[in-house]
Amino acid sequence: MIADIEDIAHAVDASAVMRLLPARPRLLALGEPTHGEDTLLRLRNELFRQLVEQEGYRTIAIESDCMRALVVDGHVTTGTGTLDHVMEHGFGHGWGAFAANRDLVRWMRAYNDGRPASDQARFAGFDGPLELTGAASPRQALTALHDYLAERVDAGLLPCTAGTLDRLLGADDRWTDPAAMTDPARSVGRSPEAGELRLLADDLVALLDAQTPHLRAVSAEEEWDRARMYGRTATGLLRYHRWTADTSPARMTRLCALRDLMMARNLCALAERGPVFVHAHNSHLQREKSSMRMWQGAVEWWSAGALVSARLGDAYAFVATALGTIRHRGVDTPAPDTLEGLLYALPEDRCVVDTARLATALGDGRPVRRVSPWFGYAPFDPAHLSDSDGLVFVRDVAQG
């Protein structure tokens, strides 16, 4: 069996990944089974550099706040802001603290220096302005959308004034109260003001759509793209806040699904500028349903990858990452009867595997699914080999 796998395991580089695919996808997604490990982030960086230099990719999109990511993109394309400022203010989920992310931003700025805008590498976040402790206020996205429209269309077409939005939004800390994540009663998502804001956000997006010919004629492409993102973000956040206030047993299932829906819509918009290299947790990029056990019990939802794949078909490709050990997290050598155990027996420190050929080699004798001793790592489910276009295996994840 090891000999069979050796024949379909190759060194990890962009060309090996691209050989797994029938054509260059508009969205090439690389998943990871855990967050916060520089080993995996550096592998991502290497692949992105190769994809830019060899395969014509020009955008990387990571699991980070789409609004904050504008700060990073501005820096890598024009040099705006210091690197320290960008790392502090341009990332969600604490990603700015990781050395590999700092290296990525530094490389992109150096790569872009002196290049025309059409040939520059771009940075994007495709997550909503969401954290584990809750969601952001919709203020930034709503007011940015209103400002964009107010500068370009007749005032009589606007559904409200900026002052009305400000009054209805109130203090931002009403929206960001972390207690609302576990106590629906603390959420303002079903207040009368939030309900009115949802209607106004819908009207603003409808106005954006109805005025598309005019707005595209008087806007730079960048301005138009951002306005659409403001609209997606504003409506998505208000929807998320509404269901944060839900008291039904389906609450967390719905919130997980809504987050990935926001991700999927951002990815589909990015695909229009394609090709894009995407990096996030496997659970957000896989084609099968995602699942998680939370304080309310088990939840299942369709991931962003599943939603995008259903819409884009072969224009979306997903390569999962599996790993052998994270010893500093208590994840030791995998058992030989698991998929990770089979791959761990290979001599390579990391390799890319053709999952279709691997599934054929395994036949009906699929390995058992590995059980993780640490909650922060999700082993690869061998039952879903055929749902991915390839598999990157990293033998050992080092600390630091």
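Values in this document were obtained by computation on a predicted structure and should not be read as measured data. Residue numbers restart at each chain and count upward from 1, following the sequence in its written direction. Local features are withheld for residues below a pLDDT of 70 in this predicted model, meaning they are given only at 70 or higher, and side-chain atom pairs are given and counted only at 80 or more; totals for whole chains, interfaces and linings count all residues. Side-chain numbers come from the whole structure's heavy atoms, not from hydrogens or water.

**Student:** Quick rundown of the packing of helix 9 (residues 192–210) against helix 11 (residues 221–244)? Include the residues and the values.
**Tutor:** It is the contact of helix 9 with helix 11, at a shortest axis distance of 10 Å, that shows an interaxial angle of 155 degrees. Relative to helix 11, the element helix 9 lies roughly antiparallel. For the element pair helix 9 and helix 11, the recorded crossing hand is left-handed. Contacts between helix 9 and helix 11 involve Ala194, Leu197, Arg198, Ala201, Asp202, Val205 and Leu208 from the first element and Trp224, Ala227, Arg228, Gly231, Thr235, Leu238, Arg239 and Arg242 from the second. In this classification, the charged set is Asp, Glu, Lys and Arg, the nonpolar set is Ala, Val, Leu, Ile, Met, Phe, Trp, Tyr, Cys and Pro, and all remaining amino acids, among them Gly, are polar. Among the residues forming the contact of helix 9 with helix 11, the class breakdown is eight nonpolar, two polar and five charged. Angular values range over 0 to 180 degrees, each being the angle between N-to-C directions of two axes fitted as lines to C-alpha atoms, with helices fitted over their stretch in contact. Secondary structure elements are defined from DSSP: runs of H or I of at least 4 residues count as helices, runs of E of at least 2 residues count as strands, and each element is numbered from the N terminus. Any angle from 65 to 115 degrees is called roughly perpendicular, while one under 35 is roughly parallel, one over 145 is roughly antiparallel, and all others are oblique. A crossing counts as left-handed when the near helix is turned anticlockwise from the far one by less than a right angle, and as right-handed when that turn is clockwise. Contact definition: two residues touch when any of their heavy atoms are within 4.5 Å.

**Student:** Run through the sheet that holds strand 10 (residues 316–325), naming residues and quoting values.
**Tutor:** Within the open sheet, the eight strands sit side by side as 1-11-12-10-2-7-3-4. Their pairing is mixed. Of all the strands in the sheet, just strand 1 (9–10) and strand 4 (122–127) have a single pairing partner and so form its edges. Where strand 3 (residues 59–65) and strand 7 (residues 276–281) come together, four bridges link them in parallel fashion. Note on strand 7: the bridge partner recorded for Ala61 is Val278. Sitting on the sheet, helix 3 (residues 38–55) touches strand 2 (27–32), strand 3, strand 7, strand 10, strand 11 (350–353) and strand 12 (390–396), and the angle it makes with strand 7 is about 170 degrees. DSSP calls a pair of strands paired once it identifies at least 2 bridges connecting them.

**Student:** Requested: an account of helix 3, with residues and values cited.
**Tutor:** By this rule the span expected of a helix is its residue count minus one, scaled by 1.5 Å. Here helix 3 contains 18 residues, and its C-alpha end-to-end distance of 24 Å stays within 8% of the 26 Å for a straight helix at 1.5 Å per residue. To sort residues, take the accessible area from a 1.4 Å probe on protein chains only and compare it with the maximum for the residue type: under 20% means buried, over 50% means exposed, and anything in between is partly exposed. Regarding helix 3, the residues found buried are Asp38, Leu40, Leu41, Leu43, Arg44, Asn45, Leu47, Phe48, Gln50, Leu51 and Val52. Just downstream of helix 3, Gly56 is the residue with a positive phi angle, here 85 degrees.

**Student:** Any details on the domain arrangement of the protein? Residues and values, ideally.
**Tutor:** Once the domains are mapped, the protein shows domain 1 (1–131 + 264–397) and domain 2 (134–249). Accessible area, probed at 1.4 Å, shrinks when two parts are joined; the buried area is that loss added up over both. A buried area of about 1,400 Å², summed over both sides, lies between domain 1 and domain 2, and 54% of it is on carbon and sulfur atoms. When the buried area of domain 1 at its contact with domain 2 is split by residue, Met67, Leu70 and Pro129 rank highest and sum to 36% of it. Here, a salt bridge means any side-chain nitrogen of Lys or Arg that lies within 4 Å of a carboxyl oxygen of Asp or Glu. Counting across the interface, domain 1 meets domain 2 through two salt bridges. For Arg228, the salt bridge is made with Glu272, and the minimal N-O distance between the two is 3.1 Å. Here a polar contact is recorded for every N or O atom pair within 3.5 Å, except that within protein the pair must consist of a potential hydrogen donor and a potential acceptor, and residues adjacent in sequence are included only if both atoms are side-chain atoms. The interface formed by domain 1 and domain 2 holds five residue pairs in polar contact (both at pLDDT 80 or more) in total. The biggest single contributor to the side of domain 1 that touches domain 2 is helix 12 (residues 251–271), with three residues. For the side of domain 1 that touches domain 2, the residue count by class is seven nonpolar, one polar and five charged. Those domain boundaries reflect an automatic or database domain assignment.

**Student:** Talk me through the side chain of Arg370; I want residue IDs and the actual numbers.
**Tutor:** Locating Arg370 in the fold gives a position in the loop between helix 16 (355–362) and strand 12. The sign given to each residue is positive for Lys and Arg and negative for Asp and Glu; His and the chain ends receive no count. Salt bridges are absent for the buried Arg370, whose nearest opposite-charge side chain, Glu340, sits at 4.9 Å. At a separation of 2.7 Å, a polar atom in the side chain of Arg370 contacts the main-chain carbonyl oxygen of Gly324. A polar atom in the side chain of Arg370 sits 2.7 Å from the backbone oxygen of Asp332.

**Student:** Hey, could you go over the environment of Glu37 for me, with residue numbers and the actual values?
**Tutor:** Turning to its location among the elements, Glu37 is positioned in the loop between strand 2 and helix 3. For Glu37, a relative accessible area of 3% corresponds to the buried category. With 324 residues separating them in the primary sequence, Glu37 and Ala361 have C-alpha atoms 31 Å apart. When sequence neighbours within four positions are dropped, the list of residues in contact with Glu37 reads Ile326, His328, Arg329, Val397 and Ala398.

**Student:** Tell me about the pairing of strand 12, residues and numbers included.
**Tutor:** Of all seven residues making up strand 12, five are buried, and the element is well covered by its neighbours. When strand 10 meets strand 12, the two strands line up parallel, connected through six bridges. Bridged to Thr321 within strand 12 is Val392.

**Student:** Mind laying out the packing of aromatic side chains, listing which residues take part and the relevant values?
**Tutor:** Classification of ring pairs uses Phe, Tyr and Trp, with its six-membered ring standing for Trp, and accepts pairs whose centres are within 6.5 Å; under 30 degrees between planes counts as stacked, over 60 as edge-to-face, and the remaining range as tilted. One pass over the structure, following the stated rule, counts six aromatic pairs. Ring centres of Trp374 and Phe375 lie 5.9 Å apart, and the angle between their planes is 65 degrees; this geometry places the pair in the edge-to-face category. Given the relative accessible area of 16%, Trp374 is considered buried. In this structure an aromatic cluster arises from ring pairing among Phe48, Trp107, Tyr111 and Phe277. Over a ring means this: the NZ of a Lys or the CZ of an Arg is within 6 Å of the ring centre and within 35 degrees of the ring normal. It is Arg190 that lies over the ring of Trp243; its NZ or CZ is 4.7 Å from the centre. The ring of Tyr344 has Arg395 lying over it, and the distance from NZ or CZ to the ring centre is 3.8 Å.

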